[in-house]
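Report on the structure
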Amino acid sequence: MEHNQSIAIIGGGVGGLFCGAILSKEGYRVSIFEQHYKIGGGLHQFRRDGVTFETGMHVVGAFQQGGALRRICSYLGIMDQLEILPEDDSCYELFHIGCDQKKYPMPKGAKRFAEALCAEFPEEKENIARYMQELYKICDEVKLYSLENTEVVEASTMPFMGNSENFLKSVGGFINSFTKNERLRAVLAFGNPLYAGEQHKTPAYIHAFISKFCIEGASRFVGGSQQLADALSRVITDAGGIVAAANGVRRIEIEGKSIDHIVTADGAKRRADWYISSIHPSSLFRLLDASKLQRSYRERIDSIPNTYSAFMLYLVFKPGTFPFFNYTYYYQDDYSMTWEHDVYTADTWPKGLMCATPPATAHDVFAEKMIVSCIMNFETVRQWEHTTTGKRGAAYLAFKQRCEQQALCKLEQIFPHIRTCIKSTYCATPLTIRDYYNQKEGAMYGVKNDCNNMALSHISVRTKLKNLLLTGQNINLHGILGVPLTAIHTCAELVGMEYLLNKINKYKDI
Ligand SMILES: Cc1cc2nc3c(=O)[nH]c(=O)nc-3n(C[C@H](O)[C@H](O)[C@H](O)COP(=O)(O)OP(=O)(O)OC[C@H]3O[C@@H](n4cnc5c(N)ncnc54)[C@H](O)[C@@H]3O)c2cc1C
């Protein structure tokens, strides 16, 4: 399709790059402006001690045959540029409980996943079958989740919304409705750090989407996630577009009910037919004259609570010392802690952790590195909220050191000899995450959805400004699948949902 329309995108992270690539492919003239010196947002990697680490994309999925991301990336012509390693079929996630030293290896595929649960909980067989059935039913309610266009999915409505009773139940209410067995309840919910789950608030559909996504296709990038950012960027530049790093948007000038132009860090005024913002809506509001937006709209969006953040520990191993494992490892001391990783004191933190050895090659025997993620609330670092990177002071450095030691002690409960394998360590706090992504309160997954008040957290891709669309994790769903699906939702406002899905689904069987 040939257009002569121009698009300016604020933010060169996952959402901005997917929108930019799709619209470039559809003939629009795209310019992306990214504040950071490198593009990628959650796909960005950094290097320490000769080793690269991913910042925000450790578990990926939907790249398996027929998977939604495989289809989208094939349509964009970049699938063959990506190196993906599926996590082990027999165990893509391992859930380890300290109190009884019990380990639950979870295999891929709905049938094998259910069988593994039944083997551990034979008396719960029927309940497990019902749980799996309902979990998948929830996912089927959202056609866009599987890129289905049998019924036309209207872009302007809410394509991520279902209407069954289970869809908007709380995740805790949903899981608990199938079983009274506390151990099984904990096992079914253990992956909740992947979506910042809150037992009584997170809607069950988010749990269902993320669970199915992992059960069917959990995988990792070999050599890191930057390859996807670079491949998306090439789609844009090959079509004549611009991807400008280190040139963030500083101001947005409004004229009447539309954006007149944006001002980038280099001082240039940039005009486009359409603008797409992929950044946190609260960060967006700080760029414009807020009085030009309806106060109630601004205040509602600004008041949506955010998901929790994390303390990230990055380990570089001495060569040939620490065995590589091809799954995501979750650990907590006790079954009762499943929903309480964000409830702690200075002494009881961290309640649990998630760790992984990201693959450097497709055939690693020993791991070169490990990433460790421990849930942390922004409140824990609030006293340093007005500081900037490298200038946070001695008390903050001492705090970081203490957290690092506490996380390492927890890790030793899983791998008692791990310290002898470590060459160097690095860490990031919620402040690092906030400042790096310009993400309010360093929220891992953006705004929080609350099933008790879905209207509060609903943010439409359309805005009160005629030529401004929104995209990114704060709109529908976070992560490697949620954000590209939202990019489709955003782009469909311009090219049409049915048209776009038809084009993407030409690659259904690849
Ligand atoms: C520690 C951590 C671990 C995670 N692990 C996983 C995982 O394993 N799997 C998974 O699927 N998801 C994971 N996520 C979530 C995932 O990273 C996000 O959902 C995803 O990156 C969100 O995409 P986005 O486009 O909304 O935002 P981003 O990818 O953050 O992109 C926003 C971009 O906008 C830029 N920006 C901000 N302000 C401006 C401005 N004024 N001008 C220009 N540019 C600006 C930012 O620099 C950034 O590059 C993780 C997140 C974190 C924090």
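Throughout this document, residue positions are counted from 1 along each chain, in the order its sequence is written. The predicted nature of this model means local features are confined to residues of pLDDT at least 70 and side-chain atom pairs, given and counted, to a pLDDT of 80 or more, with totals for whole chains, interfaces and linings taken over all residues.

Focus on the overall build of the protein chain
- What counts as a helix is a DSSP run of H or I of at least four residues, what counts as a strand is a run of E of at least two, and both are numbered from the N terminus. Scanning the protein chain from N- to C-terminus turns up 16 helices and 19 strands.
- In terms of overall dimensions, the protein chain is globule-like: its C-alpha atoms have a radius of gyration of 22 Å, near the 24 Å expected for 510 residues.
- If you line up the protein chain on its principal axes, its C-alpha atoms span 65 × 55 × 45 Å.
- For every residue, the other C-beta atoms within 10 Å of its own C-beta are counted; 20 or more classify it as buried, 12 or fewer as exposed, and values in between as partly exposed. C-beta atoms are placed from the backbone. Looking at the protein chain residue by residue over its 510 residues, the buried ones come to 48%.
- In the protein chain, of all internal contacts separated by at least 6 residues, the share reaching a separation of at least 24 is 72%. The reference for a compact globule is 2.2 Å times residues^0.38; the radius of gyration itself is calculated from the C-alpha atoms. Throughout, a pair of residues is in contact if the C-beta atoms placed from their backbones lie within 7 Å.

Considering the site of the ligand
- Taken together, 36 residues form the shell around the ligand, and within it Gly11, Gly13, Gly41, Gly42 and Gly472 come nearest.
- Secondary structure elements with two or more residues in the shell around the ligand: helix H1 (14-25), strand E14 (309-317), helix H13 (430-437) and helix H15 (479-495).
- Three categories are distinguished: nonpolar for Ala, Val, Leu, Ile, Met, Phe, Trp, Tyr, Cys and Pro, charged for Asp, Glu, Lys and Arg, and polar for the others, with Gly belonging to the last. Partitioning the shell around the ligand into residue classes produces 16 nonpolar, 19 polar and 1 charged.
- Where each domain starts and ends follows an automatic or database-derived domain assignment. When residues are assigned to domains, the shell around the ligand turns out to be shared by domain 1 (6-45 + 225-304 + 449-507) and domain 3 (308-442), each giving three or more. Being near a molecule or strand means, for a residue, that its backbone-placed C-beta atom lies within 6 Å of it.

A few points about unusual backbone geometry
- The residue after Trp349, namely Pro350, is reached through a cis peptide bond having omega -5°.
- Residues other than glycine seldom take positive phi values, yet Ala62 does so here, at roughly 65°.
- The phi angle at Ala246 is positive, at roughly 50°, despite the residue not being glycine.

Quick notes on the sheet that holds strand E10 (residues 249-255)
- We treat two strands as partners when DSSP finds at least two bridges between them. Strand order across the open sheet formed by 3 strands is E10-E11-E12, with antiparallel pairing between neighbours. Strand pairing shows two members of the sheet lacking a second neighbour, E10 and strand E12 (269-270), which therefore form its edges.
- Where strand E11 (residues 258-264) meets E12, 2 bridges bridge the pair, whose relative direction is antiparallel. Bridging across to E12, Ile262 finds its partner in Arg270.

Considerations on the domain arrangement of the protein chain
- Assigned domains within the protein chain: domain 1 (6-45 + 225-304 + 449-507), domain 2 (106-217) and domain 3 (308-442).
- Computed from C-alpha atoms alone, the centre-to-centre distance between domain 1 and domain 2 is 29 Å.
- Contacts between the two partners involve 19 residues from domain 1 and, on the opposite side, 19 residues from domain 2.
- Breaking the side of domain 1 that touches domain 2 down by element, the ones donating at least two residues are H15 and helix H16 (497-504).
- Its residues assigned to classes, the side of domain 1 that touches domain 2 comprises 9 nonpolar, 6 polar and 4 charged.

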